[in-house]
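Close look at the chain arrangement
Residues per chain, in single letters:
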Amino acid sequence: LISPVTAVIAGLFLDDVAEVVEKKSYPDDPPGRAMPMGEAVLSSIKFFGVVIAGNLIALFLLLVPGINLIAFFLVNGYLLGREFFEFAAMRFRSPADARLFRVKHRTTVFMAGLVIAAFLAVPFLNLLTPLFAASMMVHLHKAVSRRDPSFAASRTEQLRG
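Residues numbered from 1 in each chain as written. Predicted model: local features only at pLDDT ≥ 70, side-chain atom pairs only at ≥ 80, totals over all residues. Heavy atoms only, no water.

A few words on the overall build of the protein. When helices and strands are tallied, the protein shows seven helices and zero strands. Element order for the protein, N to C, with α for helix and β for strand: α-α-α-α-α-α-α. Expressed as a percentage of contacts within the protein between residues at least 6 apart in sequence, the contacts between residues at least 24 apart total 79%. Carbon and sulfur atoms make up 73% of the accessible area of the protein, which totals about 8700 Å². (Helix = DSSP H or I, 4+ residues; strand = E, 2+ residues; numbered from the N terminus. Contact = heavy atoms within 4.5 Å. Areas by Shrake-Rupley, 256 points an atom, 1.4 Å probe, with all protein chains shown as cover.)

Structure follows, in structure tokens:
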């Protein structure tokens, strides 16, 4: 259940972590906008449901030796990468743009999700997963945004408008 619990906690505190990371590491960039509390709670509940569903599927594979460990990493790598990246991206983009941006960079996001899943698999260290994942995905979003100028303009125009 550590993965779903991480999902709920992250959804509520991601903006706080992201704000600290942005101020410290990207002081010259325009700051992201925090999600309104209602939207953050709704997003956290939705994410919680998706993670529970994904982990239930992985649970069925628990009885198959060798595949159970792979299923854990694949399911949680995909889900955690997807959701943490979208949370970080939505500080700068609309939910639809954040989804499109994630899909365009799905391999990079998935690989980062695998790192989060590995972090999640370490007892006691996994308690820090929400902080680690949120921070990492803010950095990843910034890095990918700088390498992808076709999406970089959307935030600038949004700030002006």
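So that's the structure; there's more coming.
For the structure on display, the rule yields three aromatic pairs. With a centroid separation of 5.2 Å and 85° between ring planes, the pair formed by Phe 72 and Phe 73 is classed as edge-to-face. Exposure remark for Phe 73: the relative accessible area of 22% places this residue in the partly exposed category. Where Phe 85 meets Phe 101, the ring centres are 5.9 Å apart and the plane angle is 25°; that geometry is what we call stacked. You can see Phe 85 sitting in helix 3 (residues 67-89) and its partner Phe 101 sitting in helix 4 (residues 95-104), a full 16 residues away along the chain. (Phe/Tyr/Trp six-rings, centres within 6.5 Å; stacked < 30°, edge-to-face > 60°. Buried < 20%, exposed > 50% of the residue type's maximum accessible area, 1.4 Å probe, protein only.)

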